[in-house]
Amino acid sequence: MTKYILALDQGTTSSRCIVFDREGSILTVAQKEFSQIFPQSGWVEHDPEEIWSSQIGVTREALARLNLKASDIAAIGITNQRETTLLWDRKTGKPIYNAIVWQDRRTAADCEQLKAAGYQPAFENKTGLVIDAYFSGTKLKWLLDNIPDARRKAKRGELAFGTVDSWLIWKLTQGQLHITDVTNASRTLLFNIHTQQWDEELLSVLDIPPSVLPQIHSCSQVYGYTSAPILGNRIPIAGIAGDQQAATFGQALLQPGMAKNTYGTGCFILLNTGNQPVRSNHKLLATIAWNINGRTCYALEGSVFIAGAVVQWLRDKLGIIKHSADIEALASSVPDNDGVYFVPAFVGLGAPYWDSYARGTIVGLTRGSTSAHIARAALESIAYQTADVIEVMRQDSQLELSELRVDGGASRNDLLMQFQADILGVPVVRPKVTETTALGAAYLAGLAVGYWQNEAEIVQQWQMEKRFEPKMSADRRLRLLHSWRQAIAQTRHR
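Only a predicted model underlies this, so the values are computations on that prediction, with no experimental measurement involved.

## Points about the overall build of the protein
Reasoning step 1: Looking only at helices and strands, one finds 17 helices and 23 strands in the protein.
Reasoning step 2: Here the protein has a C-alpha radius of gyration of 22 Å; the compact-globule value for 494 residues is 23 Å, and the two agree.
Reasoning step 3: Going through the 494 residues of the protein one by one, you find that 63% of them count as buried.
Reasoning step 4: Pairs at least 24 apart in sequence give 73% of the contacts found in the protein among residues at least 6 apart.

Here it is in structure tokens:
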């Protein structure tokens, strides 16, 4: 009997369910956007119940489209926006506050205090992360400190913390499982990537009671089953990975030195560093790429906070395009940026700057500047930010890239991909299946239940759709990068 894998891909702006077959081909995609909540400047929240309702809604829609029943599904893999922080009541299953999104900067001052108190080396050595509002730990502390009665309830064991994967699994199992995997745990500031356990010292520094924490598991195993009423029958939940680690696995980057960039709401560049974490001298992150069958693979990561989100901003706030896909035609209507540079530091700057206080800036405007120049500068900003990360990644790892594999929504933009190859000076390679985040989650789940036999089978399934070779002269590349770095300097907090 033919069976399929369901991948639940819970992202920052939408929830999706994708059904894959044994060839790793997509049979259907169901997607639903959900609300972005901005209570005040620098704060970003989601409604946890809307996350759940949108995710289960698209899952049922995907099954209905293909006329599939729960018994047709071999396993479910889950991938999710990382660092987004939820806290809910164990008895009622109700969240005590909105989910605080990874982009949220409300704990920036708390992070500065931790750094001033000298805690950075301890966090960096144990977690591979920098102390920043991006990660879950200070968000969880904020919830415990600011929501009435939260800390008292937490100490009595009445509350459960989780990233989005934990929340979805709690809901899918009707409260039977409170778990996470090593990749999501590695983004919390609470997890030691060497011992692969919650770290008592770091929990103490942030005043987090251990009773709120989920159990930690590998990325590929049968954790449990969906509750029968949810989808009509029990289905194994067998794969979990944070979105960027899932995309790395879906891109079949299984050898050290291979790298990818996912162009989503933000940009996330990961370089496989093998079985040892690499310490960065440029504030890149050492993170767990995956753990399968007791084997851990590490990665070096650079995070760009605003990538595809800059296109949404042009659409929703400036109104210069009606649909996100319109940006390529508008940007292509001019031959270059005419000296206009756009640094989309709407929520600060990520790697390698880590400046929570930087703010978005457009420089180089003249009377001749048009919406097309702004659109082109916005697209180019995505490539420039990626180039900044990859340059320091090369220095830290001592590994030279032979190519950059790409995925995510904006990777379908040929203008952006060609400019990315030009500004990097290395080929950019787009796979046939660009939904590599969901594909990675599917692969992890499928491996756990024997749907795919081994990782070699996954490598064989990866196929190239298009290769973008660099065409720009080295002189022009250096001139453009110099101008970009001048624009970056204008945004920095002084």
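Let's pick the thread back up.
## Let's talk about a nonpolar patch on the surface
Reasoning step 1: A cluster of nonpolar side chains, Val222, Tyr225 and Val449, forms an exposed patch at the surface whose accessible area comes to about 220 Å².
Reasoning step 2: The exposure class of Val449 is partly exposed, given its relative accessible area of 32%.

## Quick notes on the pattern of salt bridges
Reasoning step 1: Counted according to the given criterion, the structure contains 35 salt bridges.
Reasoning step 2: Residue Arg394 pairs with Glu400 through a salt bridge whose shortest N-O separation is 3.7 Å.
Reasoning step 3: Since its relative accessible area comes to 16%, Arg394 is described here as buried.
Reasoning step 4: Since its relative accessible area comes to 62%, Glu400 is described here as exposed.

## A word on the sheet that holds strand β21 (residues 404-407)
Reasoning step 1: Spatially, β17-β18-β16-β15-β21-β22-β23 is the arrangement adopted by the seven strands of the open sheet, whose pairing is mixed. In this open sheet, the two edge strands, each paired with only one partner strand, are β17 (285-292) and β23 (464-468). Between one strand axis and the next, the sheet turns through 30 degrees on average, direction left out of account.
Reasoning step 2: Where strand β15 (residues 259-263) lies against strand β16 (residues 267-274), five bridges are found, and the strand directions are antiparallel. In the sheet register, Ala259 faces β16, and the bridge partner there is Leu271.
Reasoning step 3: Running over the sheet, helix α10 (residues 243-250) touches β15, β16, β17 and β21 and is turned about 60 degrees from β17.

## Overview of the packing of aromatic side chains
Any pair of aromatic rings gets described here by the distance separating the centres and the angle formed by the planes.
Reasoning step 1: Under the criterion given, the structure shown has 22 aromatic pairs.
Reasoning step 2: Their ring planes at 65 degrees and their centres at 5.7 Å tell us that Trp88 and Trp170 sit as a pair that is edge-to-face. Of this pair, Trp88 sits in strand β6 (residues 86-89) while Trp170 is found in helix α6 (residues 164-172), placing the two residues 82 residues apart along the sequence. You'll find Trp88 and Trp170 in the same group, each marked buried.
Reasoning step 3: Ring centres 6.2 Å apart and planes at 70 degrees place the aromatic pair Phe342 and Phe346 in the edge-to-face group.
Reasoning step 4: In this structure Phe342 comes out as buried when scored by relative accessible area, which is 2%.

## Quick notes on the side chain of Ser280
Reasoning step 1: Inspection of the secondary structure puts Ser280 in the loop between β16 and β17.
Reasoning step 2: Polar side-chain contacts of Ser280 include one of 2.9 Å to the backbone nitrogen of His282.
Reasoning step 3: Side-chain polar atoms of Ser280 contact the backbone nitrogen of Lys283, separated by 3.4 Å.
Reasoning step 4: Here Ser280 is in contact with Glu124, Leu300 and Asp396, once residues within four sequence places are set aside.

## Details of the sheet that holds strand β13 (residues 220-225)
Reasoning step 1: Overall, mixed pairing links the six strands, which are arranged β3-β2-β1-β5-β14-β13 in an open sheet. Both outer strands of the open sheet, β3 (26-33) and β13, are each paired with one neighbouring strand and no more. Sheet twist, expressed as the average angle between the axes of neighbouring strands with direction ignored, equals 25 degrees.
Reasoning step 2: Sheet topology places strand β5 (residues 73-80) next to strand β14 (residues 236-242); five bridges connect them, and they run parallel. Among the inter-strand pairings, Gly77 is bridged to a residue of β14, identified as Gly239.
Reasoning step 3: This element, helix α1 (residues 48-65), spans β1 (4-10), β2 (14-20), β3 and β5 of the sheet and lies at about 30 degrees to β2.
Reasoning step 4: Here α10 sits on the sheet and contacts β5 and β14; the angle it forms with β14, its principal contact strand, is near 100 degrees.

## Description of the packing of α1 against α6
The angle between the axes and the distance between the axes are what describe a pair of packed helices.
Reasoning step 1: It is the contact of α1 with α6, at a shortest axis distance of 11 Å, that shows an interaxial angle of 65 degrees. When the axes of α1 and α6 are compared, the pair comes out roughly perpendicular. Between α1 and α6 lies a crossing whose hand is right-handed. Between α1, through Pro48, Glu49, Ile51, Trp52, Gln55 and Ile56, and α6, the contact on the second element is made entirely by Val164, Trp167, Leu168, Lys171 and Leu172.
Reasoning step 2: Of the residues that constitute the contact of α1 with α6, the class distribution is eight nonpolar, one polar and two charged.

## Overview of the state of the cysteines
Reasoning step 1: Counting across every chain of the model gives zero disulfides.
Reasoning step 2: Among the cysteines around Cys297, which has no disulfide bond, Cys219 carries the closest sulfur, lying 10 Å off.

The rules behind these values
Residues numbered from 1 in each chain as written. Predicted model: local features only at pLDDT ≥ 70, side-chain atom pairs only at ≥ 80, totals over all residues. Heavy atoms only, no water. Helix = DSSP H or I, 4+ residues; strand = E, 2+ residues; numbered from the N terminus. Rg over C-alpha atoms; globule rule 2.2 N^0.38 Å. Buried < 20%, exposed > 50% of the residue type's maximum accessible area, 1.4 Å probe, protein only. Contact = heavy atoms within 4.5 Å. Patch = residues over 30% accessible without salt bridge, like charges linked within 9 Å, V, L, I, M, F, W, Y side chains within 5 Å. Areas by Shrake-Rupley, 256 points an atom, 1.4 Å probe, with all protein chains shown as cover. Salt bridge = Lys/Arg side-chain N within 4 Å of Asp/Glu carboxyl O. Pairing = 2+ DSSP bridges. Axes fitted to C-alpha atoms, helices over the stretch in contact; angles between N-to-C directions. Phe/Tyr/Trp six-rings, centres within 6.5 Å; stacked < 30°, edge-to-face > 60°. Polar contact = N/O pair within 3.5 Å; in protein donor to acceptor, adjacent residues only side chain to side chain. Parallel < 35°, antiparallel > 145°, perpendicular 65-115°, else oblique. Left-handed = near helix turned anticlockwise from the far one by under 90°. Nonpolar A, V, L, I, M, F, W, Y, C, P; charged D, E, K, R; others polar. Disulfide = S-S within 2.5 Å.

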